[in-house]
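# Structural description and commentary
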Amino acid sequence: MNKIKKALICGLTVLTVAPTAFAKCPNTYEKIEIQKITSVQQLIDYLNKLYGATATPSSSRKTKPTQAPAAPKVTAAPRATAAPRATAAPRATAKPAETSMVEVTASAIEKEVFDLVNKTRAGYGLPQLAWANDLAAVARAHSRDMINRRFFDHTNPDGLSPFDRMRAAGIRYKTAAENIAYGQRTPEAVMNAWMNSSGHRANILNANVKEIGVGAVADSSGTIYWTQEFVAR
C-alpha cells in the first residue's frame, strides 16, 4: 500500500563574493512516494529509481527508465523570502511610473539607486517601490558596520541576519530580502553588478515586495559599501 509522506524543505542561498544577495526560503512540501518492497526485482527497481543504479536482475525482464523528479517550487511564506525565478523579457508597452520622493531621507547616491531600481522595475511592468526611511536606516547601519568591523556578509559578527536586524529595528514584514555589495564607484555600477547576478536581480524584480531602503557608506579610502533592504509589510 502506497503512502504519501510530507517532507519539510528549507534552503538558504548566500553568495560569498561581492555583490551578494540573501533571502530566507519559505517552507514548501514535496510529495515523496514510498513503496512496499515484496521482491528482489522491486528492490532493484526502487534502488535504480532513487540512485540511478545500473545493476540488473538475473532475469531478462527490462525495467522502464524513470524520469528524475522536478525540483520543488518555492512559494511565499510569512516572515520569509525566496529569490524568485528570472522575470521574462521587458514588455514593450510598459511605461515607467513617476517616483514619489515625499518625506524621503536619502543621500544623492542612495536616491539614485532608488530611482534606478524603480526605473528597472517599470521596464518589466512591475509596481514601483516606495522609499522607507526605517529600512534605509537599517541598510546604512549594516554598511557602516561592515566597514567598522571589517567584514562583508549578510550575517554580522553578532550572528544577526538581515531579518534579525529588521526586527530589532521594529520592522515587521511578510516578505523581506537584502542585497549587499562593495567597491562599485557609482549607483549605475552597483545596479549593473546586481542585475547581472541572478539572486540580486530576483530581489530587485520581486513582484511581492513593496518598499525599499538603500544605505551607501564610504570607508576612509573612499570604497563604498552598498546595502539594499526590501520588504512587504
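Residues numbered from 1 in each chain as written. Predicted model: local features only at pLDDT ≥ 70, side-chain atom pairs only at ≥ 80, totals over all residues. Heavy atoms only, no water.

## Side note on helix H2 (residues 108-123)
In plain terms, the rule: The way it works is that DSSP assigns letters per residue, a run of H or I at least four long becomes a helix, a run of E at least two long becomes a strand, and they are numbered from the N terminus. To estimate how far a helix should extend, the number of its residues minus one is multiplied by 1.5 Å. The classification of residues rests on relative accessible area computed with a 1.4 Å probe and restricted to protein chains. Under 20% of the type maximum is buried, over 50% is exposed, and intermediate values are partly exposed. The contact definition used throughout considers only heavy atoms, calling two residues in contact when any of these lie within 4.5 Å.
Look at H2: 23 Å from first C-alpha to last across 16 residues, which is about the 22 Å you get at 1.5 Å a residue. Within the sequence span of H2, burial applies to Glu 110, Val 113, Phe 114, Val 117, Asn 118, Thr 120, Arg 121 and Ala 122. Of the surrounding elements, those touching the buried residues of H2 are strand E5 (130-131), helix H3 (133-148), helix H5 (187-195), helix H6 (198-204), strand E7 (211-218) and strand E8 (224-232). Gly 125 lies just past H2 and shows a positive phi near 70°.

## Re the side chain of Asn 156
Where we set the bar: Any pair of N or O atoms that falls within 3.5 Å is considered a polar contact. Within protein, one atom must be able to donate a hydrogen and the other to accept it, and sequence-neighbouring residues count only if both atoms are side-chain atoms.
Of note, Asn 156 is situated in the loop between H3 and helix H4 (162-168). A distance of 3.0 Å separates the side chain of Asn 156 from the backbone nitrogen of Leu 160, its partner in a polar contact. Setting aside residues up to four positions removed in sequence, Asn 156 forms contacts with Asp 145, Arg 149, Phe 151 and Arg 165.

## Let's talk about the packing of aromatic side chains
We apply this condition: Only rings of Phe, Tyr and Trp enter the pairing, Trp through its six-membered ring, and a pair is recorded when the two centres are within 6.5 Å. The plane angle decides the type: under 30 degrees is stacked, over 60 is edge-to-face, the rest tilted.
Under the criterion given, the structure shown has four aromatic pairs. Considering the side-chain rings of Phe 163 and Tyr 173, the 6.2 Å spacing of their centres and the 50° angle between planes classify their relative orientation as tilted. Of this pair, Phe 163 sits in helix H4 while Tyr 173 sits in the loop between H4 and strand E6 (175-182), placing them ten residues apart in sequence. We classify Tyr 173 as buried; its relative accessible area is 7%. Summarising the aromatic geometry, the rings of Tyr 182 and Tyr 225 are spaced 5.2 Å apart at their centres and angled 15° between planes, so their arrangement reads as stacked. Of the two residues, Tyr 182 is situated in strand E6 and Tyr 225 in strand E8; the sequence distance between them amounts to 43 residues.

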